[in-house]
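# Topology and contacts: notes
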Amino acid sequence: MRRPRGEPGPRAPRPTEGATCAGPGESWSPSPNSMLRVLLSAQTSPARLSGLLLIPPVQPCCLGPSKWGDRPVGGGPSAGPVQGLQRLLEQAKSPGELLRWLGQNPSKVRAHHYSVALRRLGQLLGSRPRPPPVEQVTLQDLSQLIIRNCPSFDIHTIHVCLHLAVLLGFPSDGPLVCALEQERRLRLPPKPPPPLQPLLRGGQGLEAALSCPRFLRYPRQHLISSLAEARPEELTPHVMVLLAQHLARHRLREPQLLEAIAHFLVVQETQLSSKVVQKLVLPFGRLNYLPLEQQFMPCLERILAREAGVAPLATVNILMSLCQLRCLPFRALHFVFSPGFINYISGTPHALIVRRYLSLLDTAVELELPGYRGPRLPRRQQVPIFPQPLITDRARCKYSHKDIVAEGLRQLLGEEKYRQDLTVPPGYCTDFLLCVSSSGAVLPVRTQDPFLPYPPRSCPQGQAASSATTRDPAQRVVLVLRERWHFCRDGRVLLGSRALRERHLGLMGYQLLPLPFEELESQRGLPQLKSYLRQKLQALGLRWGPEGG
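Residues numbered from 1 in each chain as written. Predicted model: local features only at pLDDT ≥ 70, side-chain atom pairs only at ≥ 80, totals over all residues. Heavy atoms only, no water.

## Some details on the overall build of the protein chain
Of regular secondary structure, the protein chain possesses 25 helices and 7 strands. When contacts within the protein chain are restricted to residue pairs at least 6 apart in sequence, long-range pairs at least 24 apart make up 75% of them. Carbon together with sulfur atoms contributes 53% to the accessible area of the protein chain, which is approximately 27600 Å² in total. (Helix = DSSP H or I, 4+ residues; strand = E, 2+ residues; numbered from the N terminus. Contact = heavy atoms within 4.5 Å. Areas by Shrake-Rupley, 256 points an atom, 1.4 Å probe, with all protein chains shown as cover.)

## Quick word on the nonpolar core
Judged by nonpolar contacts, the single largest core of 70 residues is most densely connected at Leu-265, Leu-280, Leu-328, Phe-337 and Leu-358. When residues no more than four places from it in sequence are discounted, the contact partners of Leu-280 are Met-240, Val-241, Ala-244, Ile-261, Phe-264, Leu-265 and Leu-272. Judged by nonpolar contacts, the second largest core, of 31 residues, contains Tyr-114, Leu-121, Ile-158 and Ala-165. (Core = buried A, V, L, I, M, F, W, Y, C linked by side-chain atoms within 4.5 Å. Buried < 20%, exposed > 50% of the residue type's maximum accessible area, 1.4 Å probe, protein only.)

## Things to note about the confidence of the model for the protein chain
In this model, the protein chain carries an average pLDDT of 77, and 71% of its residues clear a pLDDT of 70 or more. With pLDDT under 50 throughout, residues 196–202 is counted as low confidence; its partners more than four residues away or in other chains account for 18 contacts. A low-confidence stretch, residues 459–472 stays under pLDDT 50, and its non-local contacts, those more than four residues away or across chains, total 17 contacts. (pLDDT = per-residue confidence, 0-100.)

## Concerning the packing of helix H5 (residues 111–125) against helix H7 (residues 155–167)
One can describe the packing of H5 onto H7 by two numbers: an axis separation of 9 Å at closest approach and a directional angle of 20°. Taken together, the axes of H5 and H7 are roughly parallel relative to one another. Read as a crossing pair, H5 and H7 show a hand that is left-handed. Between H5, through Ala-111, His-112, Tyr-114, Ser-115, Leu-118 and Arg-119, and H7, the contact on the second element is made entirely by Thr-157, Val-160, Cys-161 and Leu-164. Split into classes, the residues belonging to the contact of H5 with H7 amount to 6 nonpolar, 3 polar and 1 charged. (Axes fitted to C-alpha atoms, helices over the stretch in contact; angles between N-to-C directions. Parallel < 35°, antiparallel > 145°, perpendicular 65-115°, else oblique. Left-handed = near helix turned anticlockwise from the far one by under 90°. Nonpolar A, V, L, I, M, F, W, Y, C, P; charged D, E, K, R; others polar.)

## Observations concerning the pairing of strand S4 (residues 432–437)
Among the 6 residues of S4, 6 are classified as buried, and the element is accordingly described as predominantly covered. The alternating pattern of S4 places Phe-432, Leu-434 and Val-436 on one face and Leu-433, Cys-435 and Ser-437 on the opposite face, and all of these are buried. Relative to S4, strand S1 (residues 419–420) runs antiparallel, the two sharing 2 bridges. Bridging from a neighbouring strand, Arg-419 pairs with Leu-433 of S4. Bridge count for S4 against strand S6 (residues 474–482) is 6 bridges, and the pairing is antiparallel. Its bridge partner lying in S6, Leu-434 is registered against Val-477. Of the strand pairs in this sheet, S4 and strand S5 (residues 442–443) are connected by 2 bridges, and their pairing is antiparallel. (Pairing = 2+ DSSP bridges.)

## Quick word on the side chain of Glu-483
Residue placement: Glu-483 occurs in the loop between S6 and helix H23 (496–507). Non-local contacts of Glu-483, meaning those with residues more than four positions away in its chain, are made with Ser-400, His-401, Lys-402 and Phe-517.

## Things to note about the environment of Pro-312
Inspection of the secondary structure puts Pro-312 in helix H16 (residues 312–324). For Pro-312, a relative accessible area of 9% corresponds to the buried category. Taking the C-alpha atoms as reference points, Pro-312 and Phe-341, separated by 29 residues in sequence, lie 8.0 Å from one another. Leaving out residues up to four positions away in the same chain, Pro-312 has contacts with Phe-341, Tyr-344 and Ile-345.

## A word on helix H19 (residues 351–368)
In a regular helix each residue adds 1.5 Å, so 18 residues correspond to 26 Å; H19 covers 25 Å between its end C-alpha atoms and thus fits that length. Packing partners of the buried residues in H19 comprise H16, helix H17 (330–336), helix H18 (339–346), strand S3 (428–429) and H23. (Expected span 1.5 Å × (residues − 1).)

## Quick look at the packing of helix H12 (residues 237–250) against helix H13 (residues 255–267)
It is the contact of H12 with H13, at a shortest axis distance of 11 Å, that shows an interaxial angle of 145°. For the element pair H12 and H13, the recorded crossing hand is left-handed. Contacts from Pro-237, Met-240, Leu-243, Ala-244 and Leu-247 of H12 reach H13 at Leu-257, Leu-258, Ala-260, Ile-261 and Phe-264. A class-by-class count of the residues in the contact of H12 with H13 yields 10 nonpolar, no polar and no charged.

## Digging into the state of the cysteines
Disulfides are covalent bonds that link the sulfur atoms of two cysteine residues. This model, assessed by the stated rule, comprises 0 disulfides. The cysteine Cys-161 is free of any disulfide, with Cys-150 supplying the nearest cysteine sulfur at 8.7 Å. A relative accessible area of 0% places Cys-161 in the buried class. (Disulfide = S-S within 2.5 Å.)

## A few points about the pattern of salt bridges
Under the definition given, this model contains 15 salt bridges. The salt bridge involving Glu-181 is made with Arg-185; its shortest N-O contact spans 3.3 Å. One end of the pair is Glu-181 and the other is Arg-185, both in helix H8 (residues 175–187) and 4 residues apart, which spans about a single turn. Using a relative accessible area of 48% as the deciding quantity, one classes Arg-185 as partly exposed. (Salt bridge = Lys/Arg side-chain N within 4 Å of Asp/Glu carboxyl O.)

## Things to note about the pairing of S6
The element S6 is extensively covered by neighbouring structure, given that 7 of its 9 residues are classed as buried. Relative to strand S7 (residues 511–516), S6 runs parallel, the two being bridged by 6 bridges. Residue pairing in the sheet places Val-480 in a bridge with Pro-514 of S7. Handedness of the β-α-β unit built from S6, H23 and S7 comes out right-handed. (Right-handed = clockwise from strand over helix to strand, strands pointing away.)

Structure, rendered in structure tokens:
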């Protein structure tokens, strides 16, 4: 039977931070190795292994309007005095009056009247401007009255009373909630015994646990970190791929585990195909983490040289991760920009995505590898890199600060003085772009070419990214939203794709003005946000006329 929203169900014990799960006959230990050792050595079933890794998520509950309506609950009264008592309870002026109506009419009280009393109690406690005084003894007497009669409640009435008791703040370990919870459990149908699971050992057991859908859905950073120091030879490539994918999916920047993956890749180099390597390398680029393992890059260069002609898409995926780390090997670039490779991928189903990746690699060569002298992607093969906001931004648009920042800029500058979501060559989508004169005045965008030339004109190293607005007759300023999901889960390191975008925009000559999520979240309302934006723009030396709008 489905549990109503807000009802606390049975919960697994929550381990303390840094603790790990123990196997049969073992004690709890704070060692980061112990959980992995248990998973690798214990004779246990996939269900038991999943239990070691997973903790059911706590379901939130919030106090809101009653969803039960005014209909009688728990079988309902027929008519007359029973309905009259319900009206008296619904119109009670104080908790003491509620208790009096229930205590003085024992022959008329039905099970549903107790849920009506609890709901009315919540209305009284939340009344404005002055709720009535409540004596502790009154609440205790009401609790005892419900506890005494709850064995006669039906399951629906128990659910309603338990829901309301929790929302009213009765302690979860107090007598009222415990009594209702006990009655609820007594009425649940018995669960069938779980089917027998085969015993699994070592890597097979860990693989079964990591493949559990609940583990894939809910990130458990402190549990993942406890898997970091295993010997690579104890694990299979598939297990390491599962761990790498989990880190990348949930933005978990765990140095110990990433170093373990890098060491595994080096040790197992000759046994790994490029299709496996692309998955192992993925979290390094996404999480903007260059491992300390000294053989990491030489190993990848050897794998690319060996496998490049076998799996073109995997080769490009590996190079994309290395591009985010600024570690592109020249030999691999020679291969993917060769006419033979480009002609080959043009006839494959994934031609468009490969061309997009090659266009990004060509941009990285243009901006970051001045010493490269090999072949490049022909201009006719180039496509916009990211012609629209990324999928993660579109999926989380309702949590984004973009709309309120746009409104702040509209009122502060006027809507003719900025462009939103403008894609600039070679295909980067900007959040907000301003055109600024040599004196620092913000100009109407329609009177200016908002695009800087690409490829950028040659200039001394670093000048494009650091030139002041007063030195450029037509400087472009890009306001960059740094939302919470643009960072690794620790909130301090930009994801690789975001860092790459900002790095390339700066190298092309755009002046970046980051707007971090911590600062945006601290602004309370539009007036504060406008003041914040004004300070940010004035700190760059920008000036503008009267506020628009």
